[in-house]
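# Coordinates in review
Next come the chains, spelled out residue by residue.
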Amino acid sequence: MQWDDLHTFLEIARQGRLSGAARALKLTQPTVGRRLAAMEETLGAKLLQRTPDGFVLTPIGESVLANAERMEQEALAAERLIFGGDIKMEGDVRVTTVDTLASQFVTPTLIALQKDHPNINVELAPATQALSLARREADIAIRMAPFTGNQIVARKIGAIALNFFASADYLRGADMDAPQLITVMDDQAHLPEAVWMEKQFPNGKIKMRSNSREVFFWAAVTGGGIALLPRFRADQDDRLVRVLPESPDLKRDIWLGVHSDMRQTPRIRATMDALIAMFEENAPLLNPDG
């Protein structure tokens, strides 16, 4: 069997749909479907069963899955060793972070890096879902929570302060006993931001949900209600008013992580150093009372 075929099977099993597997593999949906059909024909066995809710594993597919996952780990380990030993200051660097930090801080830093090292190509993914460093979905991740995994090298590189803001127009007519709130989707209800908002406004009415902090900002600016926003941005915008001036900031630590196999690769190291220096320089802006 070819690894490409097993990889295709693995992604369909994970995603549940050909379209999701195609995105993960960077292939077309018909190509993914043809690979699955050809593999099953070669094996003479059905590994995945199509249902109205997507693909599910057959009993033999469940048996094959563990083997495919082990092969994937070996392939990824070999890939990391190859790329980790690359001594050239050129090639791709994949960076992922939250949209709160991506535009104002990370993007200008990466552009400046490319001016010094024009052969470095950057992929920047502002992702609400944590991309995997082990699977090389990203080379460098900047997150608002500590990393897990004994092969991940991580360090705290700063902190960000958030507080409650709303537009002056909204606050003039607002019922502060039951204010309108802008918060996260249910899948992020466990985050400190959501817990803090519920604690401060237990009788609030949630009028908008989103996992994009950019949506939070514009929803608050245009009168949608109260949002928990980064102070580095909201403090500077005269369209916004701090709702609870005496309320302490919610502080979120900023962490940078890289896989141990990749951290000494020159282009990865240079990118990490540039990002760390930028966050140190902007510490007073990100955490004004820190």
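Please refer to the structure higher up on the page.
Below is a summary of the structure that appears in this document. (Residues numbered from 1 in each chain as written. Predicted model: local features only at pLDDT ≥ 70, side-chain atom pairs only at ≥ 80, totals over all residues. Heavy atoms only, no water.)

### Here's the deal with the layout of surface pockets
Its volume calculated, the largest pocket comes out at about 820 Å³. If you trace the largest pocket, you find 29 residues lining it, with A24, K26, R135, R136 and E137 closest to the centre. For the lining of the largest pocket, the secondary structure elements donating two or more residues are helix 1 (3-15), helix 2 (18-25), helix 4 (59-84), strand 3 (91-97) and strand 4 (120-126). With seven residues, the top contributor of residues to the lining of the largest pocket is helix 1. Along the lines of polarity and charge, the residues of the lining of the largest pocket split into 11 nonpolar, five polar and 13 charged. (1 Å grid on protein atoms, 1.4 Å probe; cavity = no way out; pocket = protein on both sides within 12 Å on 5 of 7 lines; lining within 4 Å. Points joined across faces, edges and corners; volume = space filled by probe spheres on them. Helix = DSSP H or I, 4+ residues; strand = E, 2+ residues; numbered from the N terminus. Nonpolar A, V, L, I, M, F, W, Y, C, P; charged D, E, K, R; others polar.)

### Describing the pairing of strand 5 (residues 140-143)
Alignment of strand 3 against strand 5, held across three bridges, turns out to be parallel. Paired with T96 across the strands is A141, a residue of strand 5. Bridge count for strand 5 against strand 11 (residues 250-259) is four bridges, and the pairing is antiparallel. By the bridge assignment, R143 is partnered in strand 11 with W255. (Pairing = 2+ DSSP bridges.)

### A short note on the packing of aromatic side chains
For the structure on display, the rule yields four aromatic pairs. Judged by centre distance (4.8 Å) and plane angle (80 degrees), the rings of F105 and F232 are edge-to-face. Within this pair, whereas F105 is found in helix 5 (residues 99-116), its partner F232 is found in helix 9 (residues 231-234), the two being separated by 127 residues in sequence. Comparing F105 with F232, the two get one shared label, buried. With 5.0 Å between their ring centres and 90 degrees between their planes, F164 and F201 make a pair best called edge-to-face. With a gap of 37 residues between them, F164 in strand 6 (residues 152-167) and F201 in the loop between helix 7 (192-200) and strand 8 (205-209) connect regions that are remote in the sequence. When sorted by exposure, F164 lands in the same class as F201, which is buried. Joined through ring pairs, the aromatic side chains of F105, F232 and F279 make up one cluster. (Phe/Tyr/Trp six-rings, centres within 6.5 Å; stacked < 30°, edge-to-face > 60°. Buried < 20%, exposed > 50% of the residue type's maximum accessible area, 1.4 Å probe, protein only.)

### Describing the packing of helix 1 against helix 2
It is the contact of helix 1 with helix 2, at a shortest axis distance of 8 Å, that shows an interaxial angle of 125 degrees. For the element pair helix 1 / helix 2, the angle class is oblique. Of the two possible hands of crossing, helix 1 and helix 2 adopt the one that is right-handed. Only L18, G20, A21, A24 and L25 of helix 2 make contact with helix 1, whose side of the interface consists of H7, T8, E11, I12 and Q15. In the contact of helix 1 with helix 2, the residues fall into five nonpolar, four polar and one charged. (Axes fitted to C-alpha atoms, helices over the stretch in contact; angles between N-to-C directions. Parallel < 35°, antiparallel > 145°, perpendicular 65-115°, else oblique. Left-handed = near helix turned anticlockwise from the far one by under 90°. Contact = heavy atoms within 4.5 Å.)

### Thoughts on the side chain of E40
Its place among the elements puts E40 in helix 3 (residues 29-43). If near-sequence neighbours (up to four positions away) are discounted, E40 is found in contact with A45, K46, L47 and L48.

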